[in-house]
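The residues making up each chain are set out below.
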Amino acid sequence: MSQLSVQHLLGIKHINKADIDLIFKTADHFKEVINRSIKKVPSLRDITIANLFFENSTRTKLSFELAEKRLSADVINFSASQSSVKKGETLIDTANNILSMKVDIIVMRHPNVGACDFLSKHVNAKIVNAGDGTHEHPTQALLDSYSIREKLGNVAGKNIVIVGDILHSRVALSNIYALKLQGAHVKVCGPKTLIPKYIESLGVSIEYDIKKALEWCDVANVLRVQNERMEINYFPSTREYAQLFGINKKLLDSLDKKITIMHPGPINRGVEISSDVADSDQSIILNQVENGVAIRMAVIYLLAQQIQQ
Amino acid sequence: MIENLCLGKRKNKSTKFSENLNVLSIFVFQTMFGIPMSKKILLSSKEIHIILHRLACQLIENHNNFENTVLIGIQPRGIFLAERLVAILQNDYDISNVKLGHLDITFYRDDFRRREAPLEANKTIIDFIVEDKNVVFIDDVLFSGRSIRAALTAIQSFGRPSDIELLVLIDRRFSRHLPIQPDYTGRQVDVINEEKVIVHWVEKDTKDAVYILNN
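Model, not experiment: these values are computed from the prediction.

## Comments concerning the overall build of chain A
Along its length, chain A carries 11 helices and 9 strands. Taking 2.2 N^0.38 as the reference for a compact globule, 309 residues should give roughly 19 Å; the C-alpha atoms of chain A span a radius of gyration of 19 Å, in line with that estimate. Projected onto its principal axes, the C-alpha positions of chain A cover 55 × 45 × 35 Å.

## Focus on the domain arrangement of chain A
Residue and element names in this part refer to chain A. What the domain assignment reports for chain A is domain 1 (12-135 + 289-304) and domain 2 (138-285). Relative to domain 2, the C-alpha centre of domain 1 lies at a distance of 25 Å. Facing 20 residues of domain 1, the contacting portion of domain 2 comprises 20 residues.

## Some remarks on the nonpolar core
Within soluble globular proteins, side chains that are nonpolar generally end up buried alongside one another. Within the largest apolar cluster, 139 residues are counted, with the highest numbers of intra-cluster contacts made by Ile23, Ile105, Ile106, Ala298 and Ile300 of chain A together with Phe137 and Ile138 of chain B. Once residues within four sequence positions are removed from consideration, Phe137 of chain B is found in contact with Ile72, Ile74, Ile148, Ala151, Ile164, Leu166 and Leu167 of chain B.

## Focus: the sheet that holds strand 6 (residues 185-189) of chain A
Residue and element names in this part refer to chain A. In space, the 5 strands of this open sheet follow the order 7-6-5-8-9, with parallel pairing throughout. Looking at the sheet topology across the chains shown, the edges are occupied by strand 7 (205-207) and strand 9 (260-262). Pairwise comparison of adjacent strand axes, ignoring direction, gives a mean angle of 25° for this sheet. Bridge count for strand 5 (residues 159-163) against strand 8 (residues 219-222) is 4 bridges, and the pairing is parallel. Its bridge partner being in strand 8, Val163 is matched across the sheet by Val222. Sheet strands touched by helix 6 (residues 170-181): strand 5, strand 6 and strand 8. Its angle to strand 6, the strand with the most contacts, is close to 160°.

## What to know about the interface of chain B and chain A
Taken together, the contact pairs 13 residues of chain B with 13 residues of chain A. Here the side of chain B that touches chain A is composed, by residue class, of 6 nonpolar, 4 polar and 3 charged.

## Some thoughts on the packing of helix 3 (residues 45-63) of chain B against helix 4 (residues 78-93) of chain B
Residue and element names in this part refer to chain B. Orientation of helix 3 relative to helix 4, taken along the N-to-C sense of each, is 75°, at an axis distance of 10 Å. Classified by the angle between their axes, helix 3 and helix 4 sit roughly perpendicular to one another. Of the residues in helix 4, those in contact with Leu52, His53, Leu55, Ala56 and Ile60 of helix 3 are Arg84, Leu85, Ile88, Leu89 and Tyr93. Residues that form the contact of helix 3 with helix 4 fall into these classes: 8 nonpolar, 1 polar and 1 charged.

## Re the confidence of the model for chain B
Residue and element names in this part refer to chain B. With 83% of its residues at a pLDDT of 70 or more, chain B shows a mean pLDDT of 83. When mean pLDDT is compared element by element in chain B, strand 4 (residues 134-142) scores highest at 95, while helix 1 (residues 2-7) scores lowest at 40. The low-confidence segment residues 1-21, where pLDDT is below 50, has 12 contacts with residues more than four positions distant or belonging to other chains. In the model output, the complex is listed with pTM 0.84 alongside ipTM 0.75.

## Notes on the environment of His200 of chain B
Looking at the secondary structure, you find His200 of chain B in strand 7 (residues 195-200). Look at His200 of chain B and you get partly exposed, because 19 C-beta atoms sit within 10 Å.

## Comments concerning the pairing of strand 2 (residues 69-74) of chain B
All names here are of chain B. With 6 of its 6 residues buried, strand 2 lies for the most part within the structure. Side chains of strand 2 alternate between two faces, with Thr69, Leu71 and Gly73 and Val70, Ile72 and Ile74 buried alike. Strand direction decides the pairing type here: strand 2 and strand 4, joined by 5 bridges, are parallel. Opposite Ile72, over in strand 4, you have Phe137 as the bridge partner. Relative to strand 3 (residues 99-103), strand 2 is paired through 5 bridges, and the arrangement is parallel. From the neighbouring strand, Gly73 faces strand 3, where its bridge partner is His102.

## Side note on helix 2 (residues 59-70) of chain A
Residues and elements named next belong to chain A. Along its 12 residues, helix 2 runs 16 Å from first to last C-alpha, staying within 8% of the 16 Å computed at 1.5 Å per residue. Of all the residues in helix 2, the buried ones are Thr60, Ser63, Phe64, Ala67, Glu68 and Arg70. The buried residues of helix 2 occupy an angular sector of 165° when projected down its axis, which confines them to one face. On its buried face, helix 2 sits against strand 1 (48-53), strand 2 (74-79), strand 3 (105-110), strand 4 (126-132) and helix 11 (285-304). Positive backbone phi, approximately 70°, marks Ser72, located one or two places after helix 2.

## Thoughts on the sheet that holds strand 7 of chain B
Residues and elements named next belong to chain B. If you walk across this open sheet you meet the 3 strands as 1-8-7, and the pairing is antiparallel. Every other strand in the sheet has two partners, leaving strand 1 (39-43) and strand 7 as the edge strands with one partner each. Each adjacent strand pair in this sheet contributes to an overall mean axis angle of 30°, direction not counted. Sheet analysis places strand 1 next to strand 8 (residues 209-214), joined by 4 bridges and oriented antiparallel. The residue bridging Lys39 from the neighbouring strand is Leu213, located in strand 8.

## A few points about the environment of Val202 of chain B
Residues and elements named next belong to chain B. One can find Val202 in helix 6 (residues 202-205). Distance from Val202 to Ala87, taken between C-alpha atoms, is 14 Å for residues 115 residues apart in sequence. In contact with Val202, not counting residues within four places along its chain, are Lys207 and Asp208.

## Comments concerning the packing of helix 1 (residues 17-33) of chain A against helix 11 of chain A
Residue and element names in this part refer to chain A. At their nearest, the axes of helix 1 and helix 11 sit 8 Å apart, and the two run at 120° to each other. In this structure, helix 1 crosses over helix 11, and the sense of that crossing is right-handed. Of the residues in helix 11, those touching helix 1 at Leu22, Ile23, Thr26, Ala27, Phe30 and Lys31 are Ala294, Ile295, Met297, Ala298, Val299, Tyr301 and Leu302. Taken together, the residues that form the contact of helix 1 with helix 11 break down as 11 nonpolar, 1 polar and 1 charged.

The rules behind each value
Residues numbered from 1 in each chain as written. Chains lettered and ligands numbered in written order. Predicted model: local features only at pLDDT ≥ 70, side-chain atom pairs only at ≥ 80, totals over all residues. Helix = DSSP H or I, 4+ residues; strand = E, 2+ residues; numbered from the N terminus. Rg over C-alpha atoms; globule rule 2.2 N^0.38 Å. Domains from an automatic or database assignment. Contact = placed C-beta atoms within 7 Å. Core = buried A, V, L, I, M, F, W, Y, C linked by C-beta atoms within 7 Å. Buried ≥ 20, exposed ≤ 12 C-beta atoms within 10 Å, placed from the backbone. Pairing = 2+ DSSP bridges. Axes fitted to C-alpha atoms, helices over the stretch in contact; angles between N-to-C directions. Nonpolar A, V, L, I, M, F, W, Y, C, P; charged D, E, K, R; others polar. Parallel < 35°, antiparallel > 145°, perpendicular 65-115°, else oblique. pLDDT = per-residue confidence, 0-100. Expected span 1.5 Å × (residues − 1). Arc of directions from axis to C-beta. Left-handed = near helix turned anticlockwise from the far one by under 90°.

Listed below in structure tokens is the structure:
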């Protein structure tokens, strides 16, 4: 197989195992490219990409922009904070205005669930979801699985625990879909208030005790507590959260094996993860960032391949 | 049909008659059942053996002990030829320090999105610097020259070579789209555009042979 089964990357829910394998295989080649002294290939020099970010982002936006530039695409950036959205323009109008400037691919982050899905039905361009509300963040899940594959050789059969704010996390949902597709065992762990009610229907198990969860797993993917999405208090205090669910060196040293620690960033040091863990040799957080560029190059390259000349 | 009979010229006389008879009977059979002629042999394994040794000698003639020369096999099909040449240089001519790299040109092609089937990338393995080196590109068939153009762009990511040469097993002359010519040629062939030249290597396809496919 050398082509994706989908026209847009809206979420991991819409793709299959063969798509993931193809993206990883392509990302392997791009990882080699970005480690050369000249880190650029001319494949997409006739493609224009718009990055529409209706929500704040540093890592994802930079990573996408770098991936696009390394493929030699022309890139235009847009952030909602400095745009006509503030003047009342609708999403389709904004997108169509940008498309009339002859844009081929739109990478979009939006605070509303399903915004990318909606856009893909109304505009004539390839859409890549860079995070829609609390729904999906497919490229993050792909780079997480890719990093696990790189560190442990394989994702199938591995025990992965996702720790923290599962309720507000698009990273958690996309990761669950991606890991299940690849045959991993997935557990979620966090305060009861931050675990969605029917999460078990996705084929994952729940653990409320962080120590037990860590003893079970090969990899712990630690999520950020998303204070900006919380309208009410889901736990009494940050200090209490850090005590009950925070991962520190002492906790890791008490385990009888060396587990791998991941974090999608940005890190709240001292809350969900302590500094000595984040900077330890068990953490692959910075590898995740590097792999993010290769994965995004692969996704954009494979989608661009489908655009008719 | 006529080309097939002409090919017989290279065989020795005793086999010529029976072989031609064989070709004739296949032709009659295929015409009877409406199947077009499809595959004919251009180079046998023995001929390839001789050509490879000649190419290796020509490389030695120009590059002595390969002190300042690196060989670059073009992915995917140039790798077999490149590895075979390195083996001959090592085993038969005692030149052991030949550097060989694999270069994939998929991301540098100018026909991205213009082809019917999507392109699949291969591994690039170049663990040395080509800066100020003499680079020899190695590929099995030279057709339009577009792969080599892409390779010329791709190699720049690994430094600035002092010069670049091209070695090919089969040169399909008269079918070039770009002003690119080989420096070392195994065999020149004149085939029409609809015909394909297929190189088989024992490592991958059970035996060494070059065929012309006629669709």
